[in-house]
Amino acid sequence: MPKTTAAPWVPDDGGLPALQRASKDCRGCDLWRHATQTVFGEGPAHPDVMLVGEQPGDKEDLAGHPFVGPAGRVLDEGLAAVGIDRRRTYVTNAVKHFKFERGTGKRRIHSKPNQLEVQACRPWLEAELSVLRPRVLVCLGSTAAQALLGRTFRVTLHRGEWIRSPLAPHVLATVHPSSILRAPDEAARAEAMEAFIRDLVPVARLLASASGEKRSAAPGS
Ligand code: URA
Ligand code: SF4
């Protein structure tokens, strides 16, 4: 077992609230040292979908909530476009602390978490999965996809496809919302957004058919 691991901080029971609370004290790797706070996953205990990003960004680090900055707005836009209610989703990240480099002045520039940090933080993600047991799991970007589906997984090859995985009955990967923000110009951005939305369509279809089944199965409806 690697020395850098969140495992000693992860409680065995108590559900989501216990995990959220305990994560505040995690010292499983060095990322807590420079970050403001742990940004744990958030959402209902029985979400329609669990969404996994990479790590909190600058805004998330300050706010203490996942996907509330620019990438969060792209995510919201994508979900809204296919009719997925973000309030019915559980949103988390592969790594729970913001990793950054100092730019000029006070600017903090996102720095990609390395394999050791992703591995160290995995017990939190595993605990979230085992408590939530989501029916649908969506990986946003290669850090999340590789953390959950293996390091040989290629988002570029398999985005928008259902992936067979023991993690959940329905698993899909797409790009990270931040990649859309990094598009070089407006046309490329619009195209990247369209492709992101296209990837989310099968998820929305699945949810729509599931809620239809529930309605038709309900007695007296
Ligand atoms: N990017 C992520 O991967 N997660 C966040 O919470 C914000 C930006
Ligand atoms: Fe713990 Fe993860 Fe933060 Fe590292 S990044 S200190 S493993 S919560």
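Right, let's walk through the structure included here. Computed from a predicted model, the values in this text were never measured in an experiment.

The rules behind the values
Sequence order as written defines residue numbering, which begins from 1 separately in each chain. By the order in which they are written, chains take letters starting at A while ligands take numbers starting at 1. Predicted model: local features are reported for residues with pLDDT of at least 70 only, side-chain atom pairs are reported and counted for 80 or more only, and whole-chain, interface and lining totals are derived from all residues. Think of each axis as a best-fit line through the C-alpha atoms, taken over the contacting stretch in the case of a helix, with angles from 0 to 180 degrees between the N-to-C directions. Runs of H or I in DSSP of at least four residues are treated as helices and runs of E of at least two as strands, each being numbered from the N terminus. Angular relationships are summarised with four words: roughly parallel below 35 degrees, roughly antiparallel beyond 145, roughly perpendicular across 65 to 115, and oblique for the angles in between. Crossing handedness follows the turn of the near helix against the far one: under a right angle anticlockwise gives a left-handed crossing, and clockwise gives a right-handed one. We call two residues in contact when their backbone-placed C-beta atoms lie within 7 Å. Note on residue categories: nonpolar means Ala, Val, Leu, Ile, Met, Phe, Trp, Tyr, Cys or Pro, charged means Asp, Glu, Lys or Arg, and polar means any other residue, Gly included. We call a residue near a molecule or strand when the C-beta position, derived from backbone atoms, sits within 6 Å of it. Each pair of strands is called paired provided DSSP finds at least two bridges between the two strands. To sort residues by exposure, count the other C-beta atoms lying within 10 Å of each residue's C-beta; 20 or more gives buried, 12 or fewer gives exposed, and values between give partly exposed, all with C-beta atoms placed from the backbone.

Observations regarding the packing of helix α1 (residues 15-23) against helix α4 (residues 115-132)
Two packed helices can be described by the angle between their axes and the distance between those axes.
Phase 1 of the analysis: Running from amino to carboxyl end, α1 crosses α4 at an angle of 165°, the nearest separation of the two axes being 10 Å. What the angle tells us is that α1 and α4 run roughly antiparallel. Along this stretch, α1 crosses α4, giving a crossing that reads as left-handed. Residues Gly15, Leu16, Leu19 and Ser23 of α1 form the contact with α4, whose own contacting residues are Trp124, Ala127, Glu128 and Val131.
Phase 2 of the analysis: The residue inventory of the contact of α1 with α4, partitioned by class, reads five nonpolar, two polar and one charged.

Observations regarding the site of ligand 1
Phase 1 of the analysis: Near ligand 1 you find 13 residues, and of these Gly53, Glu54, Gly57, Pro66 and Ala71 are the closest.
Phase 2 of the analysis: A breakdown of the residues in the shell around ligand 1 according to their chemical character gives four nonpolar, seven polar and two charged.

A short note on the site of ligand 2
Phase 1 of the analysis: Close contacts around ligand 2 come from 16 residues, with Cys26, Gly28, Cys29, His97 and Cys121 the closest.
Phase 2 of the analysis: With four residues, α4 is the largest single contributor of residues to the shell around ligand 2.
Phase 3 of the analysis: Tallied by class, the residues present in the shell around ligand 2 amount to nine nonpolar, four polar and three charged.

Remarks on the sheet that holds strand β1 (residues 49-53)
Phase 1 of the analysis: With mixed pairing, five strands are arranged side by side in an open sheet as β2-β1-β5-β7-β6. Taken across any chain shown, the strands that pair with only one partner, and hence form the sheet edges, are β2 (89-93) and β6 (162-163).
Phase 2 of the analysis: Pairing of strand β5 (residues 136-140) with strand β7 (residues 170-174) involves five bridges; the strand directions are parallel. Bridging across to β7, Leu140 finds its partner in Thr174.
Phase 3 of the analysis: Docked against the sheet, helix α5 (residues 142-149) engages β1, β5, β6 and β7, running at close to 130° with respect to β5.

Comments concerning the pairing of β1
Phase 1 of the analysis: Burial runs high along β1: five of the five residues are buried.
Phase 2 of the analysis: Every second residue of β1 is oriented toward a common face, with Val49, Leu51 and Gly53 on one face and Met50 and Val52 on the other, all of them buried.
Phase 3 of the analysis: Here three bridges tie β1 to β5, and the two strands are oriented parallel to one another. What sits directly across from Leu51, in β5, is Val138.

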